[in-house]
Amino acid sequence: MKKKITKAIFPVAGLGTRFLPATKSVPKEIMTLVDRPLIQYAIDEARAAGIKEFIFVTSRGKGALEDYFDIAPNLEQELRKKGKTELLEILKDTNMESGAIAYIRQHKALGLGHAVWCARRLIANEPFAVILPDDVIAAEKPCLQQMVEAYEENPGCMVAAMEVPQDKTSAYGVLDVADDMGALVQAKGLVEKPEPDAAPSNLAVIGRYLLTPDVLKNLHRIKSGAGGEIQLTDAIAAEIENDRPVYGYRFRGQRFDCGSKAGFLQATVSFGLARDDLRDSLMEYLVDVVHADKAAQ
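Residues numbered from 1 in each chain as written. Predicted model: local features only at pLDDT ≥ 70, side-chain atom pairs only at ≥ 80, totals over all residues. Heavy atoms only, no water.

(A) Examining the overall build of the chain more closely. The helix and strand inventory of the chain stands at 11 helices and 13 strands. In summary, the chain has a C-alpha radius of gyration of 20 Å against a globular reference of 19 Å for 297 residues, a match within 12%. Every one of the 297 residues in the chain was classed for burial, and the buried ones make up 44%. The long-range share in the chain, meaning contacts at least 24 apart out of those at least 6 apart in sequence, stands at 74%. Summed over its atoms, the accessible surface of the chain is roughly 15,600 Å², and 51% of this surface lies on carbon and sulfur atoms. (Helix = DSSP H or I, 4+ residues; strand = E, 2+ residues; numbered from the N terminus. Rg over C-alpha atoms; globule rule 2.2 N^0.38 Å. Buried < 20%, exposed > 50% of the residue type's maximum accessible area, 1.4 Å probe, protein only. Contact = heavy atoms within 4.5 Å. Areas by Shrake-Rupley, 256 points an atom, 1.4 Å probe, with all protein chains shown as cover.)

(B) Focus on the confidence of the model for the chain. When pLDDT is averaged along the chain, the result is 90, and 97% of the positions lie at 70 or above. Here helix H2 (residues 63–68) stands out as the element of the chain with the lowest mean pLDDT, 84, in contrast to strand E6 (residues 128–131), whose mean of 97 is the highest. (pLDDT = per-residue confidence, 0-100.)

(C) Representation of the environment of lysine 168. Looking at the secondary structure, you find lysine 168 in the loop between strand E8 (157–163) and strand E9 (173–180). The class of lysine 168 is partly exposed, set by a relative accessible area of 46%.

(D) Structural detail: the pattern of salt bridges. Under the counting rule described, the total for this entry stands at 19 salt bridges. Note that aspartate 180 is salt-bridged to arginine 250, the shortest N-O span being 3.0 Å. Here aspartate 180, found in strand E9, pairs with arginine 250, found in strand E12 (residues 246–250); they are 70 residues apart in sequence, far enough to count as distant. Relative accessible area serves as the criterion here: at 45%, aspartate 180 is assigned to the partly exposed category. A salt bridge links aspartate 277 to arginine 275; its shortest N-O distance comes to 3.0 Å. One network of salt bridges, in which partners are shared, links Asp214, Lys217, Glu239 and Arg244. (Salt bridge = Lys/Arg side-chain N within 4 Å of Asp/Glu carboxyl O.)

Shown next as structure tokens:
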């Protein structure tokens, strides 16, 4: 019987150097997009997809991330005293049941594949999800939920995928497509960060994965790949070599690369404009900025 996916790994051990000096003391994953940290968007998406167990692969200096999901009795008491029930309701989404979250340390920055491998004992012999909080996806139906529904009909490894400009393929893992079925494609290979002229397609892997436990066995065997790191894409590609299916899923939604400053700013504007309480004042400001820029030119 096919097992449901109820566990997710969140690789959050990175130093966030692109956001220094902010990340000198604040983990990148709790930097706020409008009024919620990046990690909250990832957790909410995982919950919508039926995830019950949340595994964080962290590193030194991530204590604030762990504290974020703990209860805050003093804060809650003050809010109750002041009758701020709406804020109390908002806080509920940040609290996690005891035992629902586990934290694993990645002592060396050896790549995404190594980070996933670090959680192997908590995954055991079950399929699992991997979510990269840097990739924030705005969608009517959350991206991971879309993938889980597709996985029910097409068990095997599955990665979120989107078309990127050909000259940007060197920033992504890229699918070599065997069969294009529309939303779903079957892969005959994956290449990590290929140069544009060597890329098998422009269909790039984005930070959502549904994986079989065999991928963990592959990670245990493979050596470092592109960039001298242990690449998750190499371990997924090994499934194809073993005649097990690997799919790319063209999700419905807009992806923001919040691991970059430009992407983070774009997401802030987009998510702000989607909010009824912020849209009018933000739009008015943006129009004024555009007019002022044109006048200056």
